[in-house]
2 protein chains.
Amino acid sequence: MSEHPTKSASPSSVAYVQLDDAVNFATAIIAGQGVSTDHAVTIAECLLEADLRGVHTHGLSRLPVYVERVQRGLVNGAPEMKLEKPVAACASLDGDNAFGFLVGRRAMQEAIAMAETCGVGVVAARNSNHFGMAATYLLQAVKAGYFAFVFTNASKAMPPWGGREGLLGTSPFGAAAPSGKLPPFILDMSPAVAARGKIRLAEKRGEPIPEGYALDENGQSTTDASAALRGVVLPMGGYKGSGISMLMEILAGVFSGANFGGDVPDQYTVWDRPQNVGHFFMALKPGIFVTEQGFRDRMDELVGRIKANPLADGFTEILMPGEIEARLEAERRRSGIPYAAADLALLAKLAADHGVSALPHETR
Amino acid sequence: MSEHPTKSASPSSVAYVQLDDAVNFATAIIAGQGVSTDHAVTIAECLLEADLRGVHTHGLSRLPVYVERVQRGLVNGAPEMKLEKPVAACASLDGDNAFGFLVGRRAMQEAIAMAETCGVGVVAARNSNHFGMAATYLLQAVKAGYFAFVFTNASKAMPPWGGREGLLGTSPFGAAAPSGKLPPFILDMSPAVAARGKIRLAEKRGEPIPEGYALDENGQSTTDASAALRGVVLPMGGYKGSGISMLMEILAGVFSGANFGGDVPDQYTVWDRPQNVGHFFMALKPGIFVTEQGFRDRMDELVGRIKANPLADGFTEILMPGEIEARLEAERRRSGIPYAAADLALLAKLAADHGVSALPHETR
């Protein structure tokens, strides 16, 4: 949750896994923890959607930590989510400490249902957990023909602008709109200037990081990757990324009744309590203000003009937000998903530990 | 509309004007164009709110262009706005080519009214004009106790990421939430990395601009301010600012039925047609998910933690988005608003041309 997804088309040492095999594998592992098959399939599909789209930080690589949290009772494997709907267009969802994927899917579905009759629907969710890739729920809305906002809060990772200690999250700002024949708009962007993952890579390679990416543990700007990892990442655009991150905290945390302001514990390091993450989902019906077809035509006109803009020096194409990921998904649905050897080894260990058949894969 | 406001506490050669005098002056000028007194007061108050908050690019300095557009019939001085409300929580406002300030005030008022009963209210407006400072409508919602989003589209000023020709607007992303005793959250940020105003200032001073601010007219990155002014400003954070600007275009332009995708004409240079700007307003009621007082207490807790974050090197204080502007406003309500001599000269000419008493001011 605390990192912007790192996209990579082809890790250096890889094997390929077919989507169905991966979904079945993840379903078996999760269902083995007392989670119903329906729920396990949903969780598995969400994880695989991330891997399909190249967001490997939010895919199967997280399976071990999810399994450990449900095993230790820190995530509720058999939740009874409660929806309270005091007004026509807004609802509150108590996730009952369910997997975030289940809370997210349900909340977006309810937001869409309210938008169908009221034009707009908002669901704020509390008592949830890490919900994976925000694009999962954006795509859910776009496939149903709706505009959507999806925000979540997160464990502390970034200072407010001017500060030096982690307080705000770096979860993405998520917004999406359907189009007609041209690519839709799927914006899933971190308010941090750079993901910690990128800084880790620079450290591994012994390379400096650009000025402005991070502060060291004394609150001073640094280009040393190791010093940056002991410090904090900085918000993009100074006060702007800081403001966007506060927005996530306000809508997903303060509004919803969940933990907020640095109180969401990190799922990897805090093992004595549930996360109580908060999320915010909004669906908006395009056909309210212009006709639905009119909206799609107008979106195509906008997307067409964007893609036809004359290129700046150094570019070969203008891409819509989410377009690279959609292309990767299409390719990987055809030819399989590449996983690094190290990730497959972790999954093999997980399979052995839980008495599940190993994940079939193919080295090319 | 195409520029991020430039804040300046004290221009070099200044005189001070009292708020009431300035509102009366602007009201007289605008009412002299056949605009009703009620409407003229609203417009004048919006302009002065910008000057109070240090956003001089959106204050009285725009009065001449507004007057000229209404004189030439490009803005409708006696509009009949029409609200269509096909569903409970969303409405469409046809601005009838009114001043954007009137459309904005009315739209936010309707969004709040729907949020009062439905929890959330959305108004998309078309056939509008430049609406000044987005914070005007954010503050309207916050004073009423609501969270708000305020977006507008704008004339073309910035390429999409990867492009080199102006297509998207640089209007701000606006979001706000009330708090309790501590400062509220008032985010009004341009998706451009820097305002053209800043680049103009660098040109005047003969200084270079930082790499990444702008492209020259050939689409190449430049640090030469003059070359940058012949080219385009760049989005902040690359694809991120570009995505935020597309979001404004989609919600304010594509959704609303207004002009979009570069079709909104610049109010300073295009004199043969109305702008048909589009806006998007959303109000959300805090008391839906937690109690209203609970929300305010939680906001204060968040703001308090933000402001208490240990300082990074080079900072003396952590400010909430909008806090500098609120301090300026408080000071200027007490001691008057500073205007540059050049601005006062333009206003004196406007007064003479329209037979209105000159704006009283005091040199200190």
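Residues numbered from 1 in each chain as written. Chains lettered and ligands numbered in written order. Predicted model: local features only at pLDDT ≥ 70, side-chain atom pairs only at ≥ 80, totals over all residues. Heavy atoms only, no water.

## As for the sheet that holds strand 10 (residues 232-233) of chain A
All names here are of chain A.
Consideration 1: What the three strands build is an open sheet, ordered 9-8-10; its pairing is antiparallel. The two strands at the open ends of the sheet, each matched to only one other strand, are strand 9 (221-222) and strand 10.
Consideration 2: Two strands pair when backbone bridges link them, and strand 8 (residues 214-215) and strand 10 are joined in this way by two bridges, in the antiparallel orientation. Looking at strand 10, one finds that A214 is bridged to V233. (Pairing = 2+ DSSP bridges. Helix = DSSP H or I, 4+ residues; strand = E, 2+ residues; numbered from the N terminus.)

## Regarding the packing of aromatic side chains
Consideration 1: In this structure the tally under the stated criterion is 30 aromatic pairs over all chains.
Consideration 2: Ring plane angle 55° and centroid distance 6.2 Å describe the contact between F131(A) and F281(A), whose orientation is recorded as tilted. In this pair, F131(A) sits in the loop between strand 4 (120-128) and helix 5 (135-143) while F281(A) sits in strand 11 (residues 277-284), placing the two residues 150 residues apart along the sequence. Each member of the pair, F131(A) together with F281(A), is buried.
Consideration 3: Ring centres of F131(B) and Y137(B) lie 4.8 Å apart, and the angle between their planes is 40°; this geometry places the pair in the tilted category. Comparing F131(B) with Y137(B) shows no difference in burial state: the two are buried.
Consideration 4: Looking at R364(A), its charged tip hangs above the ring of Y16(A), at a distance of 4.0 Å from the centre. (Phe/Tyr/Trp six-rings, centres within 6.5 Å; stacked < 30°, edge-to-face > 60°. Buried < 20%, exposed > 50% of the residue type's maximum accessible area, 1.4 Å probe, protein only. Lys NZ or Arg CZ within 6 Å of the ring centre and 35° of its normal.)

## Some details on the confidence of the model for chain A
Consideration 1: When the pLDDT values of chain A are averaged, the result is 94; 97% of them are 70 or greater.
Consideration 2: Contacts for the low-pLDDT stretch residues 1-11 of chain A, under 50 throughout, to residues beyond four places or in other chains number 43 contacts. (pLDDT = per-residue confidence, 0-100. Contact = heavy atoms within 4.5 Å.)

## A few points about the state of the cysteines
Consideration 1: Under the criterion given, the structure shown has zero disulfides over all chains.
Consideration 2: Cysteine C90(B) shares no disulfide, and the gap to the nearest cysteine sulfur, in C118(A), comes to 8.3 Å.
Consideration 3: The class for C90(B) is buried, based on a relative accessible area of 0%. (Disulfide = S-S within 2.5 Å.)

## A look at the pairing of strand 3 (residues 90-94) of chain B
Residues and elements named next belong to chain B.
Consideration 1: Counting buried residues in strand 3 gives five out of five residues, a clear majority hidden from the surface.
Consideration 2: Of the two faces of strand 3, the one carrying C90, S92 and D94 and the one carrying A91 and L93 are both buried.
Consideration 3: Of the pairings in the sheet, the one linking strand 2 (residues 82-84) to strand 3 comprises three bridges and is antiparallel in character. Looking across to strand 3, one finds that L83 is bridged to L93.
Consideration 4: In this structure, the hairpin formed by strand 2 and strand 3 is closed by a connection of five residues.
Consideration 5: Relative to strand 4 (residues 120-128), strand 3 runs parallel, the two being bridged by five bridges. When the sheet's bridge partners are listed, A91 is paired in strand 4 with V123.

## Considering the nonpolar core
Consideration 1: With 84 residues, the main nonpolar core has F149(A), F173(A), F149(B) and F173(B) as its most contacted residues.
Consideration 2: Discounting residues that sit within four places of it in the chain, F149(A) has contacts with M108(A), L138(A), F173(A), G174(A), A175(A), F280(A), F281(A), M282(A), F149(B), F151(B), L247(B) and L251(B).
Consideration 3: Core analysis: the second largest hydrophobic core is formed by 65 residues, V55(A), L60(A), V67(A) and A115(A) among them. (Core = buried A, V, L, I, M, F, W, Y, C linked by side-chain atoms within 4.5 Å.)

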